[in-house]
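Structural description and commentary
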Amino acid sequence: MTIHLVKLAVGVESVEHLTLLQAGRLERMRNQELEPRLRHVTRSTPRRAEEVLDGGSMYWVIRGFIRVRQPIVGFEETTNDEGRPACGILLDPRLTRTSLEPFRPFQGWRYLDVVKAPYDIADTGSRVNDTLPPGLAEELRSLGLL
């Protein structure tokens, strides 16, 4: 059964900003003649890795809301900046916008059940907050009106 991960995108201002940051990482790897692939390094390896690899995505929390998801394509053992063992979460570069879902701050990553995951905006086309400007939709959601 599929399960997702959710992670705070610390310092990221918008989906566009996340897109630019990740594109920059890939470009730096190409310039260094490294295999260009996105990975997020975290301290702990998910115990439910098989379920995550069964179609799971990383749902990114940006400015207090889940706004976008990114398919997870693998895990690898690696080291962090301090040289300690860590887990690299390998990400597909495709970002898919989701409905805005408020999410409180937390450390690390969390599991996100499929039934609680926000829907993809591209899959709906007719829900009211898909057609609203993101700032207005965010404000209405924070007031409990969406």
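1. Some thoughts on the overall build of the protein
- Check the secondary structure of the protein and you find 4 helices and 7 strands.
- Ordered by position from the N terminus, the helices and strands of the protein form the series β-α-β-α-β-β-β-β-β-α-α.
- Expressed as a percentage of its 146 residues, the buried residues of the protein come to 39%.
- A separation of at least 24 residues holds for 65% of the contacts in the protein among residues at least 6 apart in sequence.
- When the accessible surface of the protein is split by element, carbon and sulfur atoms take 50% of a total near 9,100 Å².

2. What about the environment of Leu100?
- Relative to the helices and strands, Leu100 resides in strand β6 (residues 96-102).
- Sequence separation between Leu100 and Gly64 is 36 residues; the distance between their C-alpha atoms is 9.4 Å.

3. Points about the packing of aromatic side chains
- Within this structure, the stated rule accounts for 2 aromatic pairs.
- Arranged with centres 5.5 Å apart and planes meeting at 65°, the rings of Phe103 and Phe106 form a pair that is edge-to-face.
- Judged by centre distance (5.1 Å) and plane angle (75°), the rings of Trp109 and Tyr111 are edge-to-face.
- The exposure class of Trp109 is buried, given its relative accessible area of 11%.
- Above the plane of the ring of Tyr111 lies Arg48, whose end atom (NZ or CZ) is 5.1 Å from the centre.

Procedures and definitions
- Residues numbered from 1 in each chain as written.
- Predicted model: local features only at pLDDT ≥ 70, side-chain atom pairs only at ≥ 80, totals over all residues.
- Heavy atoms only, no water.
- Helix = DSSP H or I, 4+ residues; strand = E, 2+ residues; numbered from the N terminus.
- Buried < 20%, exposed > 50% of the residue type's maximum accessible area, 1.4 Å probe, protein only.
- Contact = heavy atoms within 4.5 Å.
- Areas by Shrake-Rupley, 256 points an atom, 1.4 Å probe, with all protein chains shown as cover.
- Phe/Tyr/Trp six-rings, centres within 6.5 Å; stacked < 30°, edge-to-face > 60°.
- Lys NZ or Arg CZ within 6 Å of the ring centre and 35° of its normal.

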